Each structure stands twice: as C-alpha cells, then as structure tokens.
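# Survey of secondary and tertiary structure
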Amino acid sequence: MKLLHTADWHLGKIVNYVHMTEDQRSILQQFIQIVKEEKPDAILIAGDLYDRSIPPKQAVELLNDTLITLINDFQIPVLAISGNHDSPDRLQFGSELFRKQGLFLDTKLKKERQPVTLYDEHGPVHFHLIPYIEPAEVAYVFEDNEIKSHHQAANKLVQDIQNRFDMKERHVWIGHAFLAGGMESESEERLSMIGGSPYVDANLYKDFHYVALGHLHQPQRVTREWVRYSGSILKYSFSEVNHQKSVTIVEMDEAGNNEIQQIPLTPQRDFEVIEGYFEELLAGGAAENPENYLHIRLLDDGQLVDPMGKLRQIYPNILHLERRKSMTNPHLDELNQMKERQKLSHDQLFASFYEDIKGSQLPDARRELIEKAVHHIKEKERGQ
C-alpha cells in the first residue's frame, strides 16, 4: 500500500503581518501535482490544517478546494486529524457525512473507537486517527485520574489499541504530538505542561508499522525510520531557514516493512537570512531571489537614513531588519537574553516577569493558578 504523509499546513498563517495564503495555494498546487504523479492509495494529514481555531475565509476556501480535488477528482481517501492549532468542534462538523465520500476526519477522542481500515492485495491496514488531545481529555474518557502527562495519555491510547486489536496485522498511527528527541523550531506552539511533561517517548509505538506525526515542522525520523514527522509544507519562521520542506511517500509491503521517500516542496518565495553593508545590499544580488522573505542583518556602524524603505525597493518582502551587534557591544547580553526568552513557554515567561517585578520566585500555588489560566485560554482559543 502506498501512503502519502503530510501535516502542519497551517492554512491562514500570518508571518510578521504577511498573509501566507497565496504561498500556501501555490505549494498545495505543487502538492496536488505530486499526488497526481505518485497515485497514493491514501493521504494522511497529521493535524494543524489551519493555523488558528477561527480561520479566515480564504483559508477555509483553500482547504475546501484542495480536499475536493483529492477526493472527488482523484478519488483518493484522505485520513486527517485535528492538531493543537485547530478547533476540534469546527472541524468535526459534517465529519460523519464526509466519511462516505472518502474524507475520514477525527477531532474528538471516543472510547471504543474504531480504526479506518483500508485494503490492498495483501489484506487490511488499520489506521488509528488520534487527534491532538490534552491529558485531561484522555483521563476523562478512560476514567483514569492518574493520567497527567502527554506520555501517560499516549500510553493509555496505545495500550487500548493493543488490547483490542491483533497487532500482527498492519497498523498505522496518525497523531499530533511532541516526541522526545524531536527537533523543534520557533514557529511551533509549545504544548501544555500542566501536571507533567509535553513529551512522548517514541518507544511507545514499537508495535505499529508506521507512525505518521504532525506538530514539529522539520521533516525527521525519531528513533526509528518508520516513526516520522513529515514537517510543514512551508517555512513559517526564520528558525526554519535551513529546512527542506517535503512530503513523505511510504510504500508498505505485506509484512508492514516500509520503503520511505521524501519528495521536496519548492516554494515560490523562500525564507532567507542575508547580511552585509547597506550600500552593498542596495546594489542587489544579495538574495538568491529578490522576492524571497528576508531577514537582513546590516553590518554598518554609522547612522542610516530610512534603510528599510530603500532596501524594500530592491527586496520587497523584507520581514525583519536588524543591525548586527559587535561582540564588544554592551547590548549583546540584552539581545541574547531576549532570544532566550523567546524559547520560554507562556507560564515560564510569566514566572520570569514575576521575578523581575517582585524580586522573588513565583510561589508554587500561584504558579499552578497561572498554568491553569494559560491552559483555559488555550482551550478557549481552540473552541473547546
């Protein structure tokens, strides 16, 4: 059976006040061409179809057009789940009706749920669609208050599958999670850590024949060749500048062994970091493509008049402009501190702010209140 694995489309994404919808439309046209050439038996989309719970109209139309092409025109079943950026309630609308057309979209956890089973000449392949879920949701469904972390939640779900199904048959897990050992980037929203770690141990999935993951934006395997993130379809921050975006083709034989291939995606406008002196940059040619989305570092020490306005005449899609600091510059430490703060979670940022203002550490009781408040806001944004 031939599978095409993709994830993290983030339709409706805005990067530095720039709407990415036309770039996404272009890359999805390329994606459709790959589907046309590869002719997979199923397409797996491992979450974060949209970038936020209430996506803009253009993003909804783009997803609708893409799914119509895949299902109606190509007649290829699409197996998709909601991610941490999607609204489970909104994506769930009409899902039972869509299943009859070949769109299998799971957004809510159900007890005694059944996999989507597809057949090839060797027999069945069972696809377990596991949407992004908080540990508390798993604890509620399975009536197990001991479940506090994402790992414990995933372990419960895996055990449930192992107890109810013959794992000697071929099984595929489609999930949206953060596996320990995975390489992250700045554009991924950190998963909640209330009561425990956001990480899941990849060894949980040893009995599955392929694990199709979403959430991390860099294409990668984690511990095993068949435990994989397909990565996002586009770069969504300059921390991804060195990523090669792709989709993953999986050819599974009768024993569940896989041949895996990554097919690259080429955007019409790439993300690029360039640096140089102002006059040299004005001469043009510093970027591989002047239409690329650029982060520019200026090496000049002196005063410059309207550098952004002048540079945008040559490079219209500058997203960030900065003066590169000398190693002897007294503000270097402040810059490094700012970069470190960007890596902190929401509750860690608040704790740091509290220490700056009060001059003492945030008490455990108040830390717990902040974590719950952040968790509540995230759930509200996801439409739960």
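Up top is the structure.
The notes below deal with the structure included here. (Residues numbered from 1 in each chain as written. Predicted model: local features only at pLDDT ≥ 70, side-chain atom pairs only at ≥ 80, totals over all residues. Heavy atoms only, no water.)

Right, let's talk about helix α2 (residues 57–73) for a bit. Over its 17 residues, α2 runs 23 Å from end to end, which matches the ideal 24 Å to within 8%, given 1.5 Å per residue. Of all the positions in α2, only Ala59, Leu62, Leu63, Thr66, Leu67, Thr69, Leu70 and Ile71 are classed as buried. Taken from the residues just after α2, glutamine 75 is the one with a positive phi, measuring 55 degrees. (Helix = DSSP H or I, 4+ residues; strand = E, 2+ residues; numbered from the N terminus. Expected span 1.5 Å × (residues − 1). Buried < 20%, exposed > 50% of the residue type's maximum accessible area, 1.4 Å probe, protein only.)

What the second largest pocket holds in volume is close to 510 Å³. Taken together, 20 residues line the second largest pocket, and the ones lying closest to its centre are Leu63, Asn64, Leu67, Phe98 and Leu103. For the lining of the second largest pocket, the elements supplying multiple residues, two or more each, are α2, α3 (88–92) and β6 (103–106). A per-element tally of the lining of the second largest pocket places α2 first, with 7 residues. (1 Å grid on protein atoms, 1.4 Å probe; cavity = no way out; pocket = protein on both sides within 12 Å on 5 of 7 lines; lining within 4 Å. Points joined across faces, edges and corners; volume = space filled by probe spheres on them.)

Counted by the stated rule, this structure contains 4 cavities of 30 Å³ or more. The space that makes up the largest cavity amounts to roughly 150 Å³. What lines the largest cavity is a set of 19 residues, among which Ile130, Ile133, Ala154, His176 and Ala177 lie closest to the centre. Where the lining of the largest cavity is concerned, the elements lending two or more residues are α6 (150–164) and β9 (170–176).

Let us look at the environment of histidine 346. Structurally, the position occupied by histidine 346 is in helix α10 (residues 346–358). Distance in space between the C-alpha atoms of histidine 346 and arginine 190 is 8.5 Å, their sequence separation being 156 residues.

For helix α1 (residues 21–38), with 18 residues, the first-to-last C-alpha span of 25 Å sits near the 26 Å given by 1.5 Å per residue. Turning to α1, its buried residues number three or more, namely Thr21, Asp23, Gln24, Ser26, Ile27, Leu28, Phe31, Ile32, Ile34, Val35 and Glu38. Backbone geometry just after α1 places lysine 39 at a positive phi near 50 degrees.

Read from one edge of the open sheet, 6 strands run β7-β8-β9-β12-β14-β13, paired in mixed fashion. What marks the edges here is a single partner per strand, and that holds for β7 (116–120) and β13 (220–222). Ignoring which end each strand starts from, the neighbouring axes of this sheet average 30 degrees apart. In this sheet, strand β12 (residues 210–214) lies alongside β9 in parallel orientation, the contact comprising 5 bridges. Directly across from glycine 175, in β12, lies its bridge partner leucine 213. Running at roughly 160 degrees to β9, α6 makes contact with β8 (123–130) and β9 of the sheet. (Pairing = 2+ DSSP bridges. Axes fitted to C-alpha atoms, helices over the stretch in contact; angles between N-to-C directions. Contact = heavy atoms within 4.5 Å.)

Mapped onto the elements of the fold, histidine 171 is located in strand β9. Within the structure, histidine 171 has its side chain in polar contact with the side chain of histidine 128 (distance 2.9 Å). When neighbours within four sequence positions are excluded, histidine 171 is seen to be in contact with His126, His128, Phe165, Asp166, Phe208, His209 and Tyr210. (Polar contact = N/O pair within 3.5 Å; in protein donor to acceptor, adjacent residues only side chain to side chain.)

Next up on the list: the packing of aromatic side chains. The full count for this structure, using the stated rule, is 7 aromatic pairs. On the basis of an interplanar angle of 70 degrees and a centroid distance of 4.7 Å, the ring pair of phenylalanine 178 and tyrosine 199 is categorised as edge-to-face. Of the two residues, phenylalanine 178 is situated in strand β10 (residues 178–179) and tyrosine 199 in strand β11 (residues 199–200); the sequence distance between them amounts to 21 residues. In this structure an aromatic cluster arises from ring pairing among Trp173, Tyr205 and Phe208. (Phe/Tyr/Trp six-rings, centres within 6.5 Å; stacked < 30°, edge-to-face > 60°.)

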